[in-house]
Amino acid sequence: MDRPGTSLPCRLLLAVCWVVTAGTAAGAKVLPPPSNLDYSFIQICTLNWTWNPPENVSSSCDLEYSSDIVIDEIPQDKREWSKNHFRVTDTFLNEEMRFKVRSECKYDNTSKPSRWVETSLLPKGIPGTAAVDLSCIWHNLEYMVCTWRPGENAGSDTNYSLFYWFDGLKNHKKCNNYSMHQGTFGCIFNFSFPKLTNTYPAISILVRDDSEEIRPVCTSKNPTTLVKPATPRWVKLSKINDEIYLEWSESDTFPQNCLFYEVGYHNGDMDSAQIIKVETNYTSIPSVDPNSKYIFKVRAKPKPECYSSKLYSDWSEEKSIGEKTDSTFYFVLIIALPVTVAVSTIILLVYLKRLKILILPPIPDPREILKRMFGEQNDDSQGCAKDDSVNAFDRFIKEEEIHSLILTETPECTNSEKENR
């Protein structure tokens, strides 16, 4: 389809250019690949891949090499282009690592890239014996602490060793300060650079055992991502009128203005805790309640313009100032005071009553005396009458028994008389 506004000569020229380009691409020559691809260890976890340039390459070709890495059949998307005949990379000793490279003519449509040339670095040792969960923390720019756990297939007698190296060391070093806690291995070693430096080299960590059955593991880390400042220490905490002034220690291992701080505080109510960020190692809290007790803590974190770490220091110890009114005391006082008064009143009334009896004994009532006197006599007469009635009753019972016996014996006598008759 003709483009609007395009003249016939221009359309013919575009067509000719397209045909020439298509013909050139179709007849493009494939470059020969690099040769003698090999690798060698520069340091404990660093490999140098080398190759020879291809032969019979046109002088008009701006020759470059494209290289890439594959770990356990997974491309790492770390492709690089370079005119050099080598490439330095980190190594992964616990996994299969493939390195591939090819030739390319940059800015040249008369040739196609060569085929890929590959070589592999195979892992050694039994699978599942390599150390796992290897992590390191750079404490206060002074020392490094690395921890790891043994592989699931590693024996209980596995004796892991840690080695480290970074650009600036002639040879790699071995960590000698080991520890073990709840199945986790750890090692501490000094690691520091001049305070005014702006760049930090990557550090390579190797954990392995002397036995060939234990698979080694390598990792390379950017130390600026591992930085953890020291815990700040309190220097001053004072209160002037309605303002609290705070000051804490500043690390002397960090460059100036490379740390910021978080101050957390509350006035006894954990729900109202607040956190403020400050750029310096001091601050003040205005308009505080003079009748409240305030509790403070502080921690540090590296600034992103200095370090890439996201690690905070540990919180400092909590420090308090001011006195908080104890509501519990007043509550107990309100309850206890009325109870105390009531009990005291009852005791006092009982005591006064007893005291009154002792001082003013009651006057005997004559009616009661007469009543008791006549009551005793009535009781004696009633007792005698009662005895007479009891004796009469006993006599009556005895007479009844005698009559019963007489009545019982009379029929028997009659029967005997009849028999005699």
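Residues numbered from 1 in each chain as written. Predicted model: local features only at pLDDT ≥ 70, side-chain atom pairs only at ≥ 80, totals over all residues. Heavy atoms only, no water.

(A) Up close: the overall build of the chain. The helix and strand inventory of the chain stands at three helices and 26 strands. The proportion of buried residues among the 421 residues of the chain is 31%. Within the chain, contacts between residues at least 6 apart in sequence are counted, and of these 64% link residues at least 24 apart. When the accessible surface of the chain is summed, it comes to about 28600 Å², and 55% of that surface belongs to carbon and sulfur atoms. (Helix = DSSP H or I, 4+ residues; strand = E, 2+ residues; numbered from the N terminus. Buried < 20%, exposed > 50% of the residue type's maximum accessible area, 1.4 Å probe, protein only. Contact = heavy atoms within 4.5 Å. Areas by Shrake-Rupley, 256 points an atom, 1.4 Å probe, with all protein chains shown as cover.)

(B) Region of interest: the sheet that holds strand β24 (residues 282-285). In spatial order, the strands read β20-β21-β24; together these three strands make up an open sheet with antiparallel pairing. Strand pairing shows two members of the sheet lacking a second neighbour, β20 (234-240) and β24, which therefore form its edges. Taken pair by pair, the neighbouring strands of this sheet meet at an average axis angle of 15°, ignoring direction. Relative to β24, strand β21 (residues 243-248) is paired through four bridges, and the arrangement is antiparallel. Bridge assignment links Y245 to a residue of β24, and that residue is S284. (Pairing = 2+ DSSP bridges. Axes fitted to C-alpha atoms, helices over the stretch in contact; angles between N-to-C directions.)

(C) Local environment of the pattern of salt bridges. Taken as a whole and assessed by the stated rule, the structure comprises twelve salt bridges. The shortest N-O distance in the salt bridge between D68 and R79 comes to 4.0 Å. Taken together, the residues D68 in strand β4 (residues 62-71) and R79 in the loop between β5 (74-75) and β6 (80-82) connect sequence positions eleven residues apart. Overall, the relative accessible area of 6% leaves D68 in the buried class. (Salt bridge = Lys/Arg side-chain N within 4 Å of Asp/Glu carboxyl O.)

(D) Layout of the sheet that holds strand β15 (residues 177-181). With mixed pairing, the five strands of this open sheet are ordered in space as β15-β16-β12-β11-β19. Edge positions in the sheet fall to β15 and β19 (227-228), since each of these pairs with one other strand and no more. In this structure, strand β11 (residues 132-139) lies alongside β19, joined through two bridges in parallel fashion. Following the sheet pairing, W138 is matched in β19 by V227.

(E) Up close: the nonpolar core. By size, the foremost hydrophobic cluster in this structure holds 71 residues, and its most contacted members are F189, I205 and F296. No other element matches the five residues that strand β13 (residues 161-166) contributes to this core. In contact with F189, not counting residues within four places along its chain, are Y143, M144, C146, L162, Y164, C175, I203 and I205. (Core = buried A, V, L, I, M, F, W, Y, C linked by side-chain atoms within 4.5 Å.)

(F) How the structure looks around the state of the cysteines. Taken as a whole, this structure holds five disulfides when the rule is applied. Paired by a disulfide, C45 and C218 hold their sulfur atoms 2.0 Å apart. On the S-S bond that ties C45 to C218, the torsion sits near -75°, and the link is left-handed. With a gap of 173 residues between them, C45 in the loop between β2 (35-43) and β3 (46-52) and C218 in strand β18 (residues 217-221) connect regions that are remote in the sequence. The burial state of C45 is the same as that of C218; both residues are buried. (Disulfide = S-S within 2.5 Å.)

(G) Representation of a nonpolar patch on the surface. Where nonpolar side chains cluster on the molecular surface, the patch consists of I334, I335, V339, V343 and I347 and spans about 480 Å² of accessible area. Considering the arrangement of structural elements, one finds V339 in helix α2 (residues 327-359). (Patch = residues over 30% accessible without salt bridge, like charges linked within 9 Å, V, L, I, M, F, W, Y side chains within 5 Å.)

(H) Local environment of the side chain of D209. Structurally, D209 can be placed in the loop between β17 (203-208) and β18. One buried charged residue, D209, forms no salt bridge at all, with the nearest opposite charge on R208 at 7.3 Å. Reaching out from D209, the side chain makes a polar contact with the backbone nitrogen of N159 at a distance of 2.7 Å. There is a polar contact of 2.7 Å between the side chain of D209 and the backbone nitrogen of S211. The contact partners of D209, leaving out residues within four places of it in the chain, are T158, N159, Y160 and I214. (Lys, Arg positive; Asp, Glu negative; His and termini not counted. Polar contact = N/O pair within 3.5 Å; in protein donor to acceptor, adjacent residues only side chain to side chain.)

(I) Region of interest: the pairing of strand β8 (residues 97-106). Counting buried positions along β8 gives nine out of ten residues, so the element sits mostly inside the fold. Both β4 and β8 contribute to a ladder of ten bridges, which runs antiparallel. Counterpart to I69 in the pairing with β8 is F99. Pairing geometry for β8 and strand β10 (residues 117-121), over five bridges, is antiparallel. By the bridge assignment for β10, M97 is matched with L121.

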